[in-house]
Amino acid sequence: MSERNDQFSTRWGILLAAIGMAVGTGNIWRFPRVAAANGGGSFLIAWLVFMFAWSVPLVLSEFALGKHTRRGPAGAVGHLIGGRYNWLGAFVGLCTCFIMFYYSVVTGWCIKYFFATVSGGFGGVDQQTYWENLTTSNYQPVLFHFLALVIGCFIISRGVVKGIERTNRFLIPILFVLLVVAAIRAVTLPNAISGLAFLFTPEWNQLLSHKVWLEALSQSAWSVGAAWGLVMTYGVYLKKKDAFVRTSYTVAFGDYSASLLAGIAIMCTVYAVLPQAQAELALQSGNEGLTFIWLPQLFQQIPAGQLFLALFFLALSFAAMSSLIAMIEMATRIGVDLGMTREKAVPLVGVTAFVLGLPSAWKLGFFQNQDWVWGLGLIVSGLFISLAVIKYGAGRFRDELINTEDERHPAGRWYVFVIKYVIPIEFLALMIWWFYQAVAVYDPEGWWNPFHTLSLGTTLGQWLLLIAVLVLLNRWWAARVGAKEGG
Amino acid sequence: MSASGWIMMTVVLVLVWGGFVYLLLETAKHDRD
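Predicted model, so just to flag it, every value in this text is computed and none were measured. All residue numbers refer to position in the chain's written sequence, counted from 1. Whichever chain is written first becomes A and whichever ligand is written first becomes 1, with later ones labelled in order. Only residues with pLDDT of at least 70 are given local features in this predicted model, and only at 80 or more are side-chain atom pairs given and counted; all residues enter the totals for whole chains, interfaces and linings.

J.: In this structure, what is going on with the overall build of chain B? I would like to understand it.
T.: Per the secondary structure count, chain B includes 1 helix and 0 strands. Exposed residues have 12 or fewer other C-beta atoms within 10 Å of their own C-beta, buried residues have 20 or more, and partly exposed residues fall in between, where C-beta atoms are placed from the backbone. Across the 33 residues that make up chain B, the buried fraction comes to 15%. Helix and strand definitions here come from DSSP, where helices need a minimum of 4 consecutive H or I residues and strands a minimum of 2 consecutive E residues; each element is numbered from the N-terminal end.

Here it is in structure tokens:
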């Protein structure tokens, strides 16, 4: 790839690519259910707080790490604070790679449902059967997983400007238009007001519930794309004069805006069509249940429902694809940082993601296991990034790497406070809570068993295995990426 | 929807959507610089 093609060409290019990275399926299928189940308006207050108490500071840190070191997660941390600590950044990158393996399966499902809707329906079977037929089929999820990766790898092979920037210039404005159309359609349905009431009416006593705050923190952490290593990768392609503080705020506000649009569209549709008891059942049916089983049924009951269902799955496919290409780019960057050419790294990433995504395409249980283990792993990634900044000196990091001379909107002292104190405390609180859930709620009998889908054993086992491998390889890896000596 | 619901909806949408549109306009302004 030419040097000229190695950097984003405009601020809009950076911004749209970063918003595309952030806005994914989680905005559309997770936010509405979680907000409605956790006190509506009260949840929204907590969710807004964590934009500044987790997501924005980590996005700022990632941009600065990528831009300053000119390396993705494979080498940025080692280059900043010394090779001894390089494995911290490598964990961030590989955690997101494990997410990419199953996320391309999810992207494939979205594309499959879009095609099914456009081609006239679901073959005369009910939604539950259609979903079960798809997820138990040996070849269909594999075919669409393959298709998602081929599209993603083709875009990435075109480079930063012609691939990532051009694609997001097209995908993201259309995605927002689709979400606005869906939200307007939904609020004009009879009884849509009940959906708005569930989404926005605050239950003030819920603000005293730790569960509401922890769910809000999880949603913000997963949704904005902080600590995935993706922003760090895009940071590599910033020009020296490119400032990024306002861009970081815009990414967070853009992501939250998309969540609210999706929340309004889904909640109003659910409550317009279903009686309250059934609406609650639909919202409790999980991400896949709500999106692939309930929503197609609901859309068929509203005027021009087929058209709006097609638009909905198109939006979902665009959201998924814009995030998937960021993950493929990050994985490609790991290869490039380790000394590979981009031309070799892209197909290698594509083949690896296809093969390692197959178990998730074939077994829903394996998919759920990976989603649980590596989704939670992102919280560890957040801690590792904050530890790297703390080791460098959070104040020094802010002064030297964020508030550069070209930065018109310098980050305030709050950044240092959040990175040094708030994020480590949030990490501890989230871990204790999620582990408690694993032991007490999800799998009380087999919580220790590493082969159970949602057990504590499987989570710690897979994390520790990855960390052990990275620590063992650290000296070799740090040398390959040109990390600073020692640490 | 109760009054508190309407107020919360207005505050959240103005803050989040308003903030996003403001930041986009700022980006557009400075992109011309």
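From this point, the discussion proceeds with the structure in view.
J.: Explanation requested: the overall build of chain A in the structure shown.
T.: On a plain count of helices and strands, chain A comes out with 20 helices and 0 strands. What you see for chain A is a C-alpha radius of gyration of 21 Å, in line with the 23 Å of a compact globule of 487 residues. Counting only C-alpha atoms and orienting by the principal axes, one finds that chain A spans roughly 65 × 50 × 50 Å. Looking at chain A as a whole, 56% of its 487 residues qualify as buried. In chain A, the proportion of contacts linking residues at least 24 apart, taken out of those at least 6 apart, comes to 83%. Atoms counted for the radius of gyration: C-alpha only. Globule rule: 2.2 Å times residue count to the power 0.38. Note that contacts rest on C-beta atoms placed from the backbone: two residues are in contact if these are within 7 Å.

J.: Explain the interface of chain A and chain B to me, please; I cannot follow it from the model alone.
T.: Put simply, an interface is often sized by how much accessible area is lost when its parts join up. Across the boundary between the two partners, chain A contributes 20 residues, which contact 18 residues of chain B. Contributing elements (two or more residues each) for the side of chain A that touches chain B: α1 (11-22), α3 (41-69), α9 (192-200) and α12 (245-273) of chain A. Sort the elements by how many residues they give to the side of chain A that touches chain B and α12 of chain A lands first, with 8 residues. In this classification, Asp, Glu, Lys and Arg are treated as charged, Ala, Val, Leu, Ile, Met, Phe, Trp, Tyr, Cys and Pro as nonpolar, and every other residue, Gly included, as polar. Per-class residue counts for the side of chain A that touches chain B are 12 nonpolar, 6 polar and 2 charged.

J.: Where do I start with unusual backbone geometry in this structure?
T.: Leave glycine aside and you will find that most residues have negative phi; peptide bonds, for their part, are mostly trans. Residues and elements named next belong to chain A. Positioned with a positive phi, arginine 70 is a non-glycine residue whose angle comes to about 55 degrees. With phi around 55 degrees, alanine 304 is a residue other than glycine that occupies positive phi space. Summarising the element assignment, alanine 304 is placed in the loop between α14 (286-299) and α15 (305-337).

J.: Sorry, what's going on with helix α18 (residues 394-402) of chain A here?
T.: Think of an α-helix as 3.6 residues a turn; residues three or four steps apart then line up on the same face. Residue and element names in this part refer to chain A. For α18, every residue scored as buried is listed here: Ala394, Phe397, Arg398 and Ile402. Along the long axis of α18, the arc covered by the buried residues comes to 100 degrees, so they all point the same way. Where the residues of α18 are buried, they touch α3, α12, α17 (364-392) and α19 (414-442). What the arc covers is the set of directions going from the helix axis to the C-beta atoms.

J.: Please clarify how the environment of valine 349 of chain A should be interpreted in this entry.
T.: Here valine 349 of chain A is to be found in helix α16 (residues 342-362). On a C-alpha basis, the gap between valine 349 of chain A and glutamine 297 of chain A in space is 37 Å, while along the polypeptide they are 52 residues apart.

J.: Any chance you could explain the packing of helix α2 (residues 25-37) of chain A against α14 of chain A here in plain terms?
T.: Two measures define how a pair of helices packs: the angle their axes make with one another and the distance between the axes. All names here are of chain A. As a rule, the C-alpha atoms of each element are fitted with a line to give its axis, helices using only the stretch in contact, and angles between N-to-C directions run from 0 to 180 degrees. Viewed as axis vectors pointing N to C, α2 and α14 meet at an angle of 110 degrees, and their least axial separation amounts to 9 Å. Comparing the axis directions of α2 and α14 gives the class roughly perpendicular. The hand of the α2/α14 crossing is right-handed. Across the interface between the two elements, Trp29, Arg30 and Arg33 from α2 touch Asn287, Leu290 and Thr291 from α14. These descriptions rest on fixed angle ranges, namely under 35 degrees for roughly parallel, over 145 for roughly antiparallel, 65 to 115 for roughly perpendicular, and the rest for oblique. For a crossing to be left-handed, the near helix must be turned anticlockwise from the far one by less than a right angle; the clockwise case is right-handed.

J.: What should I look at first to understand helix α13 (residues 276-283) of chain A in this one?
T.: Listed as buried for α13 of chain A are Ala279, Ala282 and Leu283 of chain A. Down the axis of α13 of chain A, the buried set is contained in an arc of 95 degrees. They therefore lie on one face.

J.: Any chance you could explain the environment of threonine 291 of chain A here in plain terms?
T.: As for its placement among the helices and strands, threonine 291 of chain A is situated in helix α14. Spatially, the C-alpha atoms of threonine 291 of chain A and leucine 214 of chain A are 24 Å apart, while their sequence positions differ by 77 residues.

J.: Even after reading the chapter, I still don't get the packing of helix α7 (residues 140-157) of chain A against α16 of chain A, so can you show me in this structure?
T.: Residue and element names in this part refer to chain A. Their axes nearest at 10 Å, the elements α7 and α16 cross at an angle of 160 degrees. Taken together, α7 and α16 sit at an angle that is classed as roughly antiparallel. Here α7 runs over α16; the crossing is right-handed. Side by side, α7 and α16 meet where Pro141, Val142, His145, Phe146, Leu149, Cys153, Ile156 and Ser157 of the first sit next to Val346, Pro347, Val349, Gly350, Ala353, Phe354, Gly357, Leu358 and Ala361 of the second. Of the residues contributing to the contact of α7 with α16, the split by class is 13 nonpolar, 4 polar and no charged.

J.: What am I meant to see in the environment of leucine 143 of chain A here?
T.: All names here are of chain A. Mapped onto the elements, leucine 143 comes out in helix α7. Using a count of 15 C-beta atoms within 10 Å as the deciding quantity, one classes leucine 143 as partly exposed. Separated by 38 residues in sequence, leucine 143 and valine 105 place their C-alpha atoms 9.4 Å apart.

J.: What should I look at first to understand the confidence of the model for chain A in this one?
T.: Detailed reading of predicted coordinates is not advised where the pLDDT is low. Scored from 0 to 100, pLDDT records how confident the predictor is in each individual residue. This prediction gives chain A a mean pLDDT of 92; 99% of its residues lie at or above 70. Note that residues 1-5 of chain A has pLDDT below 50 and, in this model, 7 contacts with residues that lie over four places away or in other chains.

J.: Can you help me understand the confidence of the model for chain B in this one?
T.: For chain B, mean pLDDT is 91; residues scoring 70 or higher make up 94% of the total. Two numbers describe this predicted complex: its pTM, 0.94, and its ipTM, 0.96.

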